[in-house]
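Chain by chain, the residues:
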Amino acid sequence: MTAEDGDLMRRLLAMPLDALMAEARDRRDHRHGPLTPRRMTYSRKVFIPLTRLCADVCHYCTFATTPSHLPAPYLTPAEVLEIARAGAAQGCKEALFTLGDAPERRYAQAREWLDAHGFARTIDYVRHCAELVLAETGLLPHVNAGLMDEADYAALKPIAPSCGLMLESASDRLCDKGLPHHGSPDKVPAVRLASLAAAGRARMPVTSGVLVGIGETAEERIEALLALRDLHRAHGHLQEVIVQNFCPKPGTKMAHAPELAESDFLRAVAAARIVLPDEVSLQVPPNLNDERLSELIDCGIDDWGGISPVTMDHVNPEAPWPEVARLAAICAGKGLPLVERLTAYPRFVRDAFGTAEPQGWIAPALAPHVLRLADSEGLARDSAWSPGVAERAPGTAAAPLGAVFAVAGSPALHRILDQAAGGHELAEDEIVALFAAREGQAQAVIEAADALRAEAIGEDVTFVINRNINYTNYCTHSCAFCAFSKSSSKAGFRDAPYNLSFDDVAGQAREAVRRGASEVCLQGGIHPSYTGETYLGILRAVKAACPQLHVHAFSPLEAWQGATTLGMSIHDYLAMLRDEGLGSLPGTAAEILDDEIRAKICPDKLTTQLWLDVVRAAHEVGLKTTATVMYGHCETPTHWARHLLRIRRLQGETGGFTEFVPLPLVHMEAPMYRRGQSRKGPTWREALMMHAVARIALHGAIGSIQASWVKLGIEGAAAALKAGCNDLGGVLMNESISRAAGAAHGQELTVADLVAAAASAGRRLRRRTTLYADLGPAEQWLEPAEA
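Now for a look at the structure at hand. All figures in this text were calculated on a predicted structure; none of them were measured in a lab.

**Describing the overall build of the chain**
Argument step 1. Per the secondary structure count, the chain includes 28 helices and 20 strands.
Argument step 2. Relative to the 2.2 N^0.38 estimate, which gives 28 Å for 787 residues, the radius of gyration of the chain is 30 Å and therefore close to what a compact globule would have.
Argument step 3. Considering only C-alpha atoms, the chain reaches an extent of 95 × 55 × 50 Å along its principal axes.
Argument step 4. Relative to its full complement of 787 residues, the chain shows a buried share of 61%.
Argument step 5. Carbon and sulfur atoms provide 53% of the accessible area of the chain, an area that totals close to 27,800 Å².
Argument step 6. Separation of charge centres in the chain, based on 77 positive and 94 negative side chains, amounts to 1 Å.

See below:
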């Protein structure tokens, strides 16, 4: 032990418990920076006791038994899948495989069973069953299989995001005769530390921990924590450390051993938070400590581990899991939202996003399975909802988040909201902090956004009667998210390739006018034969057919394509379009304005700077544009913050944006999702928060925030009206891009549908023009059958 560690040990042992707990809490609360919201996490799991046979004979254990007490040495694959499917049906995302250490070393029955089923070792059978569970249910395996070497961990990487191995103790003394680990060769500390180090070399995220109260001294507890700290410093692979209290169990050699005094247990927990690196989470099993959950939070823990709605804790069968709702209430009382995580922690899960240099934590074969269950932070998705699905969004106008939470906050959150309310630009990390808000803090954010909406826009909700005309779905670009375009590199899942003639486009525009439209929105793929003259021809055809119709047309990418093919500057080409009757441009093709993300999702599209330059040029020649963001794929809230700041700063230069339109990914037919390279779009909370945070971050710059009913559903769009939105976009006759991606919502809504959505939020609907001139109450444009 170094002198520095010796000093640390003496300090931890000498400190008054209250002071120790206060220091541990402070470490927990500030370990990710002053702006990162504090939270507690847990994993929703099923417990799969693959075998209760074990080579060891720990004196406190009731999990391990003998073959005569079991119907078979191992669960069958069918039994394993039955448990896993029950868990999946209850919303679990983790399959915890727990078993004894290598029982084939001790029991002939285990060896014979394995041999009869074609397996040489228990770990080989574990891998087989974990692979079945992953493939058949989508649950992510977490493997607690005892001692493994580097090759074993490497073999598990394609199917298990994480593994577990408790160190328990770093004291060799506990292996002496008469002490709890005597006769258990796998509990020799050096052997367990070697296995944990092997996991680090294999780049396997690992859960470890200490078992306290089995006869170790206070000094030995800290020595074990220091050993785990040093392992993490060497390999960076410890995701959490469990401090588990010994509980005597009838029928064991330690049945009458005393439990650790509560003060000593709390001291051990608090010391763990101080000793361990900040990025390593600290967990205490809640079912073993039901009477002191609040005190444990005060010791600096940030995780409750796995909790199952289906299976009991087979290692501690006498201790039922606590109700998640009760845990959440206790955590909320401490100002800590309870958030579901995956079996691997967020910093490892984000390796699956594929947008940064790979760190090797999540194997490529496993990444698609992880992405399907992950949110933008690398935590667990909070519901089955995704943009475009037929099911209603979880939120409503009455409860936008899906539930009404008591508003909660922190000094940092209130400072950020106050600064935004004053019209000041927020910093990137401040915007990220808003996106990270959960439960009561999220409620505070959406209510602040709604208040800013009322201040900036008032109580009216607006809409436009328009038609989308997508004149071609041929495209030479290979955007990874796009299911609309058809080219040699895209299979095309819903529609055949097409290319409308100028007369077809004009005919659709005339029909739109007959149906009361004031706007036609024209966009398409980048057809290989299109030049700048093509776009001029489309525009001229529409204006000749419908001179008074506002033409909202051509993405910045199309405008750039047109200028480039004619050898013109972008300013001159946009001015030409303006002179031919172009009214405004849709601010699409923005996706995420960060080249790290664009390199993955649209590598041959405009760069961030070029998109901004084209839009700036449009504003400079007098053409207004919208601004959009396409989110929910492989990016993180940091990228969202950068996007919003770039939009705000350009608006500060030009004042040319009319509205901001969040466009969540509809994942179902998106090529990158089908290849396993994308999440399933944003979660409902993320979708709602994008609108709310956009209102806050763009306050004083852009007045209108639009909700896309095509992506969110009309009920979801109504909920967004209570989170900072003021506009419902258009009735969108013939919207086809979202439909091609798999969206279940219709191509068209009636004015009455929009009136009802606004009314559900307690607001009135008014019709507007593309450029936000007021055309009066929406009721004037109801169809006779709707009035």
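**Comments concerning the nonpolar core**
Argument step 1. L522, L574, W611 and F660 are the most contacted members of the largest nonpolar core, which has 130 residues in total.
Argument step 2. For this core, the leading source of residues is helix α25 (residues 684–697), giving ten residues.
Argument step 3. Discounting chain neighbours no more than four positions away, the residues touching F660 are A627, T628, V629, H643, L644, I647, A694, L698, I702, S704, I705 and Q706.
Argument step 4. With 112 residues, the next largest nonpolar core counts I48, V241, I301 and L327 among its residues.

**Looking at the packing of aromatic side chains**
Argument step 1. Scanning all chains against the criterion turns up eleven aromatic pairs.
Argument step 2. Ring geometry for F348 against W361: centres 4.9 Å apart, planes inclined by 75 degrees, an arrangement best described as edge-to-face. Here W361 lies in the loop between α12 (346–349) and α13 (367–373) and F348 lies in helix α12, a separation of 13 residues in the sequence. As far as the burial class goes, F348 and W361 line up, both buried.
Argument step 3. Both rings, one in Y631 and one in W640, keep their centres 5.9 Å apart while their planes meet at 85 degrees; by these two values the pair is edge-to-face. We note that Y631, like W640, is buried.
Argument step 4. The rings of Y74, W113, F119 and Y125 are connected pair by pair, giving a single aromatic cluster.
Argument step 5. Taking the ring centre of F63 as reference, the NZ or CZ of R52 above it sits at 5.9 Å.
Argument step 6. Over the ring of W361 we find R203, and its NZ or CZ is 3.8 Å from the ring centre.

**Considering the side chain of R31**
Argument step 1. Within the fold, R31 resides in the loop between α2 (17–30) and β1 (40–51).
Argument step 2. Within the structure, the side chain of R31 is placed 2.6 Å from the side chain of D302, a separation counted as a polar contact.
Argument step 3. The residues touching R31, leaving out its near neighbours within four places in the chain, are R273, D278, E279, V280, S281 and D302.

**Quick look at the sheet that holds strand β14 (residues 582–585)**
Argument step 1. In spatial order, the strands read β11-β12-β13-β14-β15-β16-β17; together these seven strands make up an open sheet with parallel pairing. The open sheet is flanked by β11 (466–470) and β17 (704–705), the only strands paired with a single partner.
Argument step 2. Where helix α17 (residues 502–514) meets the sheet, its contacts fall on β11 and β12 (519–523), and the angle it forms with β11 comes to roughly 165 degrees.

**Concerning the pairing of strand β2 (residues 94–99)**
Argument step 1. Burial within β2 is extensive, with six of its six residues counted as buried.
Argument step 2. Here β2 shows two buried faces, one formed by E94, L96 and T98 and the other by A95, F97 and L99.
Argument step 3. Sheet topology places β1 next to β2; six bridges connect them, and they run parallel. If you follow K45 over to β2, its bridge partner there is E94.
Argument step 4. As a crossover connection, the stretch from β1 through helix α3 (residues 77–89) into β2 is right-handed.
Argument step 5. Relative to strand β3 (residues 140–144), β2 is paired through five bridges, and the arrangement is parallel. Following the sheet pairing, E94 is matched in β3 by L140.

**Structural notes on the pairing of strand β5 (residues 206–212)**
Argument step 1. Of all seven residues that make up β5, seven are buried, and the element is covered over most of its length.
Argument step 2. Covered by surrounding structure in β5 are V206, S208, V210 and V212 together with T207, G209 and L211, the residues of both alternating faces.
Argument step 3. In this sheet, β5 lies alongside strand β4 (residues 162–164) in parallel orientation, the contact comprising two bridges. In the sheet register, C163 faces β5, and the bridge partner there is V206.
Argument step 4. You can see the chain leave β4, run along helix α7 (residues 189–201) and come back into β5, and the turn it takes is right-handed.

**Some remarks on the sheet that holds strand β19 (residues 764–768)**
Argument step 1. Strands sit in the order β18-β10-β19-β20 across an open sheet of four strands; the sheet is mixed. Edge positions in the open sheet fall to β18 (727–730) and β20 (774–777), since each of these has one partner strand only. Direction aside, the axes of adjacent strands within the sheet are offset by 30 degrees on average.
Argument step 2. Of the pairings in the sheet, the one linking β19 to β20 comprises three bridges and is antiparallel in character. Bridge assignment links R767 to a residue of β20, and that residue is G776.
Argument step 3. Running at roughly 135 degrees to β19, helix α28 (residues 751–760) makes contact with β10 (460–464), β18 and β19 of the sheet.

**Examining the pattern of salt bridges**
Argument step 1. A complete count under the given rule lists 53 salt bridges for this structure.
Argument step 2. Note that R540 and E580 form a salt bridge whose closest N and O atoms lie 3.2 Å from each other. Here the residue R540 occupies a position in helix α18 (residues 532–545), and E580 occupies one in the loop between α20 (570–579) and β14, the gap between them amounting to 40 residues.
Argument step 3. Using a relative accessible area of 35% as the deciding quantity, one classes R540 as partly exposed.
Argument step 4. Each member of the salt-bridge network shares a partner with another, and the members are R39, D375, E377, R438 and R685.

**Digging into unusual backbone geometry**
Argument step 1. One non-glycine residue, A102, adopts positive backbone phi at about 30 degrees.
Argument step 2. The topology assignment puts A102 in the loop between β2 and α4 (108–116).
Argument step 3. The backbone phi angle of F554 is positive, close to 70 degrees, even though this residue is not glycine.
Argument step 4. Residue position: F554 is located in the loop between β13 (550–553) and α19 (556–566).

**With respect to α3**
It helps to recall that an α-helix has 3.6 residues per turn; residues three or four apart then point in one direction.
Argument step 1. The first and last C-alpha atoms of α3 sit 18 Å apart over 13 residues, in line with the 18 Å expected at 1.5 Å per residue.
Argument step 2. Regarding α3, the residues found buried are V80, L81, A84 and G87. Summarising the axial view, the buried residues of α3 lie within an arc of 120 degrees, below the 170-degree limit, and thus occupy one face. Away from its buried face by more than 90 degrees, α3 exposes A78, E82 and A89.
Argument step 3. In this fold, the buried residues of α3 make contact with β1, β2 and α5 (122–137).
Argument step 4. One or two positions beyond α3, positive phi appears at G91, with a value near 85 degrees.

**Section: the environment of L50**
Argument step 1. With respect to the secondary-structure elements, L50 resides in strand β1.
Argument step 2. Not counting residues within four places of it along the chain, the set of residues in contact with L50 comprises P73, Y74, L75, V80, T98, L99, Y125, V126 and C129.

**Considering the state of the cysteines**
Argument step 1. Scanning all chains against the criterion turns up zero disulfides.
Argument step 2. Of the cysteine sulfurs around C58, a residue in no disulfide, the closest is that of C61, at 6.3 Å.
Argument step 3. Overall, the relative accessible area of 14% leaves C58 in the buried class.
Argument step 4. Counting only cysteine sulfurs, C58 is the nearest neighbor of C175, a cysteine outside any disulfide, at a range of 9.0 Å.
Argument step 5. Classification of C175 by relative accessible area gives buried; the value is 18%.

Rules used throughout
Residues numbered from 1 in each chain as written. Predicted model: local features only at pLDDT ≥ 70, side-chain atom pairs only at ≥ 80, totals over all residues. Heavy atoms only, no water. Helix = DSSP H or I, 4+ residues; strand = E, 2+ residues; numbered from the N terminus. Rg over C-alpha atoms; globule rule 2.2 N^0.38 Å. Buried < 20%, exposed > 50% of the residue type's maximum accessible area, 1.4 Å probe, protein only. Areas by Shrake-Rupley, 256 points an atom, 1.4 Å probe, with all protein chains shown as cover. Lys, Arg positive; Asp, Glu negative; His and termini not counted. Charge placed at Lys NZ, Arg CZ, Asp CG, Glu CD. Core = buried A, V, L, I, M, F, W, Y, C linked by side-chain atoms within 4.5 Å. Contact = heavy atoms within 4.5 Å. Phe/Tyr/Trp six-rings, centres within 6.5 Å; stacked < 30°, edge-to-face > 60°. Lys NZ or Arg CZ within 6 Å of the ring centre and 35° of its normal. Polar contact = N/O pair within 3.5 Å; in protein donor to acceptor, adjacent residues only side chain to side chain. Pairing = 2+ DSSP bridges. Axes fitted to C-alpha atoms, helices over the stretch in contact; angles between N-to-C directions. Right-handed = clockwise from strand over helix to strand, strands pointing away. Salt bridge = Lys/Arg side-chain N within 4 Å of Asp/Glu carboxyl O. Expected span 1.5 Å × (residues − 1). Arc of directions from axis to C-beta. Disulfide = S-S within 2.5 Å.

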